[in-house]
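# Structural features, examined
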Amino acid sequence: MPRALLINPNNTQEMTASMVRAAEAVAPDVDFVGWTSRNGPPAIQGPEDGALAVPPLLDLVARAGPEIDIIIIGCFDDTGLAEANAVAACPVIGIGQAAFHVAALRSERFSVVTTLDVSVPVIEENIRRYGLEGHLGRVRASDLPVLETTETGEGAAARIAAEAGRAVAEDGCDCIILGCGGMARLAAELRARVSVPVLDGVEAAARLVRALG
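Values in this document were obtained by computation on a predicted structure and should not be read as measured data.

Our focus in this paragraph is the pairing of strand S2 (residues 31-36). In the sheet, strand S1 (residues 3-8) pairs with S2 via six bridges, with the strands oriented parallel. Along S2, the bridge assignment pairs Leu-5 with Val-33. Note that the unit made of S1, helix H1 (residues 13-26) and S2 has a crossover that is right-handed.

One pass over the structure, following the stated rule, counts three aromatic pairs. On the numbers, 5.9 Å between centres and 15° between planes, the contact of Phe-100 with Phe-110 is stacked. With Phe-100 in helix H4 (residues 95-106) and Phe-110 in strand S5 (residues 110-114), the pair connects residues that are 10 residues apart, well separated along the chain. Like Phe-110, Phe-100 is buried. Measuring from ring centre to ring centre gives 6.1 Å for Phe-100 and Tyr-130, while their planes differ by 45°; the resulting arrangement is tilted. Here Phe-100, found in helix H4, pairs with Tyr-130, found in the loop between helix H5 (120-129) and strand S6 (136-141); they are 30 residues apart in sequence, far enough to count as distant. A single burial state applies to Phe-100 and to Tyr-130, both of which are buried. In this structure, Arg-63 packs its charged tip against the face of Trp-35, placed 5.1 Å from the ring centre. Stacked on the ring of Tyr-130, the Lys or Arg Arg-129 has its end atom at 5.6 Å from the ring centre.

All chains considered together, the criterion is met by 11 salt bridges. Between Glu-163 and Arg-140 there is a salt bridge, with its nearest N and O atoms 2.7 Å apart. Residue Glu-163 is found in helix H6 (residues 155-171), and its partner Arg-140 is found in strand S6; the two are separated by 23 residues along the sequence. In this structure, Glu-163 and Arg-140 share a single accessibility class: buried.

With 12 residues, H4 should cover 16 Å at 1.5 Å per step; its first-to-last C-alpha distance of 17 Å lies within 8% of that length. Of the positions making up H4, those classed as buried are Ile-95, Gly-96, Gln-97, Ala-98, Ala-99, Phe-100, Ala-103 and Ala-104.

This part covers the sheet that holds S1. The strands making up a sheet associate through backbone hydrogen bonding, with each pair oriented either parallel or antiparallel. Overall, parallel pairing links the four strands, which are arranged S2-S1-S3-S4 in an open sheet. Edge positions in the sheet fall to S2 and strand S4 (92-94), since each has one partner strand and no second. Each adjacent strand pair in this sheet contributes to an overall mean axis angle of 25°, direction not counted. Sheet topology places S1 next to strand S3 (residues 70-73); four bridges connect them, and they run parallel. In the sheet register, Leu-6 faces S3, and the bridge partner there is Ile-72. Contacts from H1 reach S1 and S2 within the one sheet, and its direction differs from that of S2 by about 165°.

Definitions and cut-offs
- Residues numbered from 1 in each chain as written.
- Predicted model: local features only at pLDDT ≥ 70, side-chain atom pairs only at ≥ 80, totals over all residues.
- Heavy atoms only, no water.
- Pairing = 2+ DSSP bridges.
- Helix = DSSP H or I, 4+ residues; strand = E, 2+ residues; numbered from the N terminus.
- Right-handed = clockwise from strand over helix to strand, strands pointing away.
- Phe/Tyr/Trp six-rings, centres within 6.5 Å; stacked < 30°, edge-to-face > 60°.
- Buried < 20%, exposed > 50% of the residue type's maximum accessible area, 1.4 Å probe, protein only.
- Lys NZ or Arg CZ within 6 Å of the ring centre and 35° of its normal.
- Salt bridge = Lys/Arg side-chain N within 4 Å of Asp/Glu carboxyl O.
- Expected span 1.5 Å × (residues − 1).
- Axes fitted to C-alpha atoms, helices over the stretch in contact; angles between N-to-C directions.
- Contact = heavy atoms within 4.5 Å.

That's the geometry; what it means functionally is another story.
Okay, structure coming up:
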């Protein structure tokens, strides 16, 4: 059984646990280990938080032993992905990277529903760097702070679903990508609310482990 290390670059342990549960649900034949970056920011919202998160993230990547077959960076901004690949002894993938490539394979056009406006340029630049801008409808902010994605209740799902509905109506997209690792726990509920397929980056990365690990 391959072993995948999911590293959350922010210091919110609850989000790490939520992402590991989502990964295990779709890839039960993979052994997932979750690490939380204790020295990272509480949430990664925009490039400044991302820059703060990279050094402690790389410390964790360097600690991954030979028993780890693949590392998943559990931040939709793919924080530190290039730097981590440069130092890791195994493949490293980001949950944003995984979602974009899976969406491009299964649809002609996707839109991303993320958290705050500050994250939009980061995600747009990543999509351009991966050469997938031709598949992009739009990156949309739901005005939902990252840490609110971990809260119970109706509010988070309703706001994401409302923005996804606008994306379907206005962007001509064939699928919606959830643009935050904290949204993984809401994926099933959102699929019941949105009229096109909904892709989650944690699930996409988990399903790629056997192909890449």
